Amino acid sequence: MNLAKPPQAIAAALSALLGRERFLTDSQSLQHYGRDWTRFAAPAPSGVLLPNTIGEIQAIVGLARQNGVKLVPSGGRTGLSGGAMATNGELVLSLERVRKISPVNQAGRSVTCEAGAITAQIQQAAAKEGLMYPVDFASSGSSQIGGNIATNAGGIQVIRYGMTRDWVTGLKVVTGTGELLELNQGLIKNNTGLDFRHLFIGSEGILGVIVEATLALTDPPRNPRVMVLGVRSMAALMQVLASCQAQLSILAFEFFSDLALEKVTAEHSIQPPLQERYPFYALVEFESTSATAETRALEVVEACIAKGWVADAVLSQSESQRRSLWRLREDISETIAQWTPYKNDISTTVQQAPELLRSVDALVSQHYPDLEVVWYGHIGDGNLHLNILKPDGVSVGDFQDRCKGVSAHLFAAVQELRGSISAEHGVGLLKKEFLRFSRTESEIELMRGIKAQFDPDGIFNPGKVFDP
Ligand code: 2HG
Ligand code: ZN
């Protein structure tokens, strides 16, 4: 690893500000804090900063600005596009100590928390008061709310509750000038010109650093139940989605392929959910609000079986069975990480999802006949995760080069459908060379202009999303 050193002048000032225990330069810390969950670039930060307060963050930004030093804001580093990677001598600005969660506001149904608060702890704080923060995903035990907001994280119940953006009612951010902005103050109603909050949500740390957020909360669903359905084709999957949408109170509609199921069941030594194997599985979660809701769900499944769309099904009979069925879907990403997968995270409108599936399927059979391809995702949101597994004996570099060649075809197909090359993981380092498949040159130029307004010296997360 290339061990860059922080410039002398700033090193002395940072030591004075944070002390040696909160300004780390040992190689283990640089490795740990310099990377996220992606494995395609080597971490090479020059130091790691662990501020305790927003005031310290402002002081750090002031020092970085005076000395031309770059900062990479860093949360739980569970991202999948390299947005929190520090690969070029930057200082990592970790939010992990700035993590206070204030008491839940019952009347306002909201909670204010500092950026380093862990997502699951916010969910627990809300649950204690009988409320719910509904943006949920497999990494919620280690992801931090600031990172979720910076990437506008999605997850497994977007079909019902939307993305992170839909739950942020207030933000405090420190911009590239060191100024602290308070955006929307937790207000539900505020029509006073441009809403900068929404520029920071999904900005991937390029405009400044999110330091605090106020989040809206909602009621938890009543009696959620999960069904796993064996499905013979992707076309049938979309018919099942339409039936469930029309007749059930859906909380999630996810899918995974048989190879995804095979990997997860082998990894955890568990039984597959159905007696036989099918090419695809739909995981449907629905709210069972009345005595008739379960009967209605069974009727929907029976009708789908009669039409030939569903081959077999299982319905959770207890909370523990519901959780076990969810693990079949939620554990896929972590299970396949051992194959250093090349990840695609694409979307179209839901109505165009069958077309997306068809064209992606054709490209996969043409370009990857020899490789293991794992399909899964939030198909109820039109979002598909396509993971290509690296075969043994092939270097990460060679594998990535081969997959990137195919990405150009894949993203052209996405562009044709006016979809997105990054539905929920962000652009970061990994997808920036493909950004033009989803955004026009003039839009990217506007983004550069907006960055220059908030971060005139370009100190925040340089080289992420687009080149300067
Ligand atoms: C999921 O939906 C996550 O499980 C991760 O967004 C997807 O690893 C992936 O490709
Ligand atoms: Zn996902």
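Since this is a predicted model, take the numbers as computed values, not measurements.

*Asks:* Help me get a handle on empty space enclosed by the protein, residues and values and all.
*Replies:* Summed over all chains, the structure comprises one cavity of 30 Å³ or more. Empty space within the largest cavity amounts to approximately 30 Å³. Forming the boundary of the largest cavity are Y342, K343, Q400, L430 and K431. Of the residues in the lining of the largest cavity, the class split is two nonpolar, one polar and two charged.

*Asks:* Lay out the coordination of the zinc ion (ligand 2) with the relevant residues and their values.
*Replies:* At the metal site, the zinc ion (ligand 2) is ligated by H378 (NE2), H385 (NE2) and E424 (OE), and these contacts range over 1.8 to 2.1 Å. Written as a sequence motif, the donor residues of the zinc ion (ligand 2) are H-x6-H-x38-E. Taken together, the positions of H385 in strand β15 (residues 383–388) and E424 in the loop between α14 (396–416) and α15 (441–454) put the pair 39 residues apart, joining distant regions of the chain. There is no split in this pair, since H385 and E424 are both buried.

*Asks:* Give me the pattern of salt bridges: which residues, what numbers.
*Replies:* Taken as a whole and assessed by the stated rule, the structure comprises 22 salt bridges. With its nearest N and O atoms 2.3 Å apart, the salt bridge here joins D457 to R65. Taken together, the residues D457 in the segment after α15 and R65 in helix α3 (residues 54–67) connect sequence positions 392 residues apart. For R65, a relative accessible area of 34% corresponds to the partly exposed category. One salt bridge connects R327 with D331, and the closest N-O pair in it is separated by 2.8 Å. Each of the salt bridges in this network shares a partner with another, and the network as a whole consists of E285, E319, R322 and R323.

*Asks:* How would you explain the packing of aromatic side chains if you had to name every residue and give the values?
*Replies:* Enumeration over the complete set of coordinates arrives at 10 aromatic pairs. Their ring planes at 65 degrees and their centres at 6.3 Å tell us that F40 and Y342 sit as a pair that is edge-to-face. Placement of the pair is F40 in the loop between α2 (27–33) and β2 (47–49) and Y342 in strand β13 (residues 342–347), with a sequence separation of 302 residues. We classify Y342 as buried; its relative accessible area is 4%. With a centroid separation of 6.1 Å and an interplanar angle of 55 degrees, the aromatic rings of F411 and F437 are classed as tilted. Residue F411 is located in helix α14, and its partner F437 is located in the loop between α14 and α15; the two are separated by 26 residues in the primary sequence. There is no split in this pair, since F411 and F437 are both buried.

*Asks:* So what about the sheet that holds strand β12 (residues 310–315)? Which residues, and what values?
*Replies:* Within the open sheet, the seven strands sit side by side as β12-β9-β11-β10-β14-β15-β13. Their pairing is antiparallel. Either end of the sheet is taken by a strand with one partner, and the two such strands are β12 and β13. Across the sheet, the axes of successive neighbouring strands diverge by a mean angle of 15 degrees, strand direction being ignored. In this structure, strand β9 (residues 224–231) lies alongside β12, joined through five bridges in antiparallel fashion. What sits directly across from L229, in β12, is A313.

So, how was this worked out
Residues numbered from 1 in each chain as written. Chains lettered and ligands numbered in written order. Predicted model: local features only at pLDDT ≥ 70, side-chain atom pairs only at ≥ 80, totals over all residues. Heavy atoms only, no water. 1 Å grid on protein atoms, 1.4 Å probe; cavity = no way out; pocket = protein on both sides within 12 Å on 5 of 7 lines; lining within 4 Å. Points joined across faces, edges and corners; volume = space filled by probe spheres on them. Nonpolar A, V, L, I, M, F, W, Y, C, P; charged D, E, K, R; others polar. Donors = N, O, S within 2.8 Å, 3.2 Å for Na, K, Ca; no water. Helix = DSSP H or I, 4+ residues; strand = E, 2+ residues; numbered from the N terminus. Buried < 20%, exposed > 50% of the residue type's maximum accessible area, 1.4 Å probe, protein only. Salt bridge = Lys/Arg side-chain N within 4 Å of Asp/Glu carboxyl O. Phe/Tyr/Trp six-rings, centres within 6.5 Å; stacked < 30°, edge-to-face > 60°. Pairing = 2+ DSSP bridges. Axes fitted to C-alpha atoms, helices over the stretch in contact; angles between N-to-C directions.

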